[in-house]
Amino acid sequence: MKKLILALFLSAVALPAVSYDHSSDASDLEYKYESSTGTKYKYDLSDPSDSLLYEVDPAAQLMDEINPMVDIDRDLGQYGGGAKW
């Protein structure tokens, strides 16, 4: 419970500034991290606040378990979470 409260607090305090790109799909705005392979992720796991949010997001964790690109990116030393299909 403490992790959830901390994650919510950190997300409210440390929301990233996102500029709107009219050429991209609106759903792309929630995928702020992109690996060198082009895979888009909801979370940048090198960011402590994103790591906490990822820990309490079972849907994002499930997406990473079934997306084969996640393993490739992690082998390359890139750690996104919540891969987009």
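The paragraphs below set out a description of the structure included in this document. These figures come from a predicted structure and were not determined experimentally.

Quick look at the packing of aromatic side chains
Given two aromatic rings, one states the distance between the centres and the angle between the planes to describe the pair. Throughout the structure, instances matching the rule amount to 2 aromatic pairs. Here the aromatic rings of Tyr33 and Tyr41 are separated by 5.8 Å at their centres, their planes lie at 50°, and the arrangement is tilted. For Tyr41, a relative accessible area of 1% translates into the label buried. Consider the rings of Tyr43 and Tyr54, whose centres lie 5.9 Å apart with planes at 70°: the pair is edge-to-face. With Tyr43 in strand E2 (residues 40–44) and Tyr54 in helix H2 (residues 48–55), this pair connects stretches of sequence that are 11 residues apart. Pair check on accessibility: Tyr43 and Tyr54 agree, each one buried.

Quick look at the pattern of salt bridges
Applying the stated rule across the entire model yields 4 salt bridges. The partner of Lys42 in a salt bridge is Asp57, with the nearest N and O atoms 3.4 Å apart. Of this pair, Lys42 sits in strand E2 while Asp57 sits in the loop between H2 and helix H3 (58–66), placing them 15 residues apart in sequence. Its relative accessible area of 27% is what places Lys42 among the partly exposed residues. Assessed through its relative accessible area of 13%, Asp57 is described here as buried. With its nearest N and O atoms 3.6 Å apart, the salt bridge here joins Asp64 to Arg74. You can see Asp64 sitting in helix H3 and its partner Arg74 sitting in helix H4 (residues 68–75), a full 10 residues away along the chain. Here the salt bridges do not stand alone but share partners, grouping Glu30, Lys42 and Asp57 into one network.

Parameters and conventions
- Residues numbered from 1 in each chain as written.
- Predicted model: local features only at pLDDT ≥ 70, side-chain atom pairs only at ≥ 80, totals over all residues.
- Heavy atoms only, no water.
- Phe/Tyr/Trp six-rings, centres within 6.5 Å; stacked < 30°, edge-to-face > 60°.
- Buried < 20%, exposed > 50% of the residue type's maximum accessible area, 1.4 Å probe, protein only.
- Helix = DSSP H or I, 4+ residues; strand = E, 2+ residues; numbered from the N terminus.
- Salt bridge = Lys/Arg side-chain N within 4 Å of Asp/Glu carboxyl O.

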